[in-house]
Amino acid sequence: MSTAVETPRELVERLFHGLPARDAEAFVALLAPDAVFEIPFVIPGFPNRFEGREEIRAHLDRWWSPQRMSGVVVHGIHPTIHETTEPGLFLVENDVDLTRPGMGRARVRTSVNVVQVRDGQVVLFRDYMDTNRIAAMVQQMREM
C-alpha cells in the first residue's frame, strides 16, 4: 500500500487525463465543495460561471451529453502543464485528439486553463476555450 501524497501537479494531471471519459462525477470528485468553474470567453447563450460541485456537475452533464457530443470521439487529451510561481496555480494548454462526424480526426488546441489547487482539491478551473471553433463545430454537427 502506498502512503504517497498526491502533489498538486499530479492532481491536475489526473484531472486532465480523465477528461476523455466525459465523466462529470469523476471530474467534480477532484473539486473542493465550493470550487468555481469559469468560462471567460463564453459561447453566446451559455453561462460563464458555475459555483460548487453541483452546479459544475450539472453544467458538464449538459455540455457532455450524448445529444450535444453525438459522434464526437475523444481519443486523448494531451495537456502541457506549466507551473507558476504561486504554489498550486497552473496554466494548462490542451491539445485534443478527436474525431468529429464529417470532419475526420484531428489534434487541435482547444483551450488554455488556469487551475488552482488548494489542500488537495481544485478550487478554481478557468477555461479559456476556443469558443468560436466549438460553436462552429456544434453548428456543423446540427446541420448533418
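Everything discussed here concerns the structure shown above.
All of these numbers come straight from a predicted model, not from anything done at the bench.

**Q** Mind laying out the pattern of salt bridges, listing which residues take part and the relevant values?
**A** Applying the stated criterion across every chain, the model contains 9 salt bridges. The residue E38 makes a salt bridge to R126 at a minimum N-O spacing of 2.6 Å. Highlighted residues: E38 in strand 1 (residues 31–38) and R126 in strand 6 (residues 121–129), separated in sequence by 88 residues. With a relative accessible area of 22%, R126 lands in the partly exposed category.

**Q** Could you give an account of the sheet that holds strand 2 (residues 49–51), naming the residues involved and the relevant values?
**A** Taken together, the 6 strands give an open sheet; going across it, the order is 2-1-6-5-4-3, and neighbouring strands pair in mixed fashion. The open sheet has two edge strands, strand 2 and strand 3 (73–83), and neither has a second partner. Averaged over all pairs of adjacent strands, the angle between strand axes in this sheet comes to 20°, irrespective of strand direction. Inspection of the sheet shows strand 4 (residues 89–100) paired to strand 5 (residues 104–118) by 12 bridges, in the antiparallel sense. Bridge pairing links L89 to Q116 in strand 5. Helix-sheet contacts for helix 1 (residues 8–17) involve strand 3, strand 4, strand 5 and strand 6, and the interaxial angle to strand 3 is about 160°. Along the sheet face, helix 3 (residues 52–63) touches strand 1, strand 2 and strand 6 and points at about 50° away from the line of strand 1.

**Q** Residue-level account of the pairing of strand 4, with values.
**A** Counting buried residues in strand 4 gives 9 out of 12 residues, a clear majority hidden from the surface. Once strand 3 ends, the chain turns through 5 residues before running back antiparallel as strand 4, passing G88 with a positive phi of about 80°. Where strand 4 folds back on strand 5, the antiparallel hairpin that results is connected by 3 residues, among which G102 adopts a positive phi of roughly 75°.

**Q** Describe the nonpolar core, listing the residues and the values that go with them.
**A** Within the largest apolar cluster, 31 residues are counted, with the highest numbers of intra-cluster contacts made by F27 and I56. Secondary structure elements with two or more residues in this core: helix 1, helix 2 (24–28), strand 1, helix 3, strand 3, strand 4, strand 5 and strand 6. Residues within four places of I56 in sequence aside, it is in contact with F27, V28, L31, A35, V36, F37 and F50.

**Q** Give a description of unusual backbone geometry that names residues and reports values.
**A** In this structure, R22 is a non-glycine residue whose phi angle is positive, near 50°. Along the chain, R22 falls in the loop between helix 1 and helix 2.

**Q** Summarise the environment of D127; cite the residues concerned and give the values.
**A** With respect to the helices, strands and loops of the structure, D127 is situated in strand 6. Taking the C-alpha atoms as reference points, D127 and N113, 14 residues apart in sequence, are found 4.7 Å from one another. With near-sequence residues (within four places) excluded, D127 lies in contact with F37, E38, I39, P40, S111, V112 and N113.

Calculation criteria
Residues numbered from 1 in each chain as written. Predicted model: local features only at pLDDT ≥ 70, side-chain atom pairs only at ≥ 80, totals over all residues. Heavy atoms only, no water. Salt bridge = Lys/Arg side-chain N within 4 Å of Asp/Glu carboxyl O. Helix = DSSP H or I, 4+ residues; strand = E, 2+ residues; numbered from the N terminus. Buried < 20%, exposed > 50% of the residue type's maximum accessible area, 1.4 Å probe, protein only. Pairing = 2+ DSSP bridges. Axes fitted to C-alpha atoms, helices over the stretch in contact; angles between N-to-C directions. Contact = heavy atoms within 4.5 Å. Core = buried A, V, L, I, M, F, W, Y, C linked by side-chain atoms within 4.5 Å.

So yeah, pure geometry; function would need other evidence.
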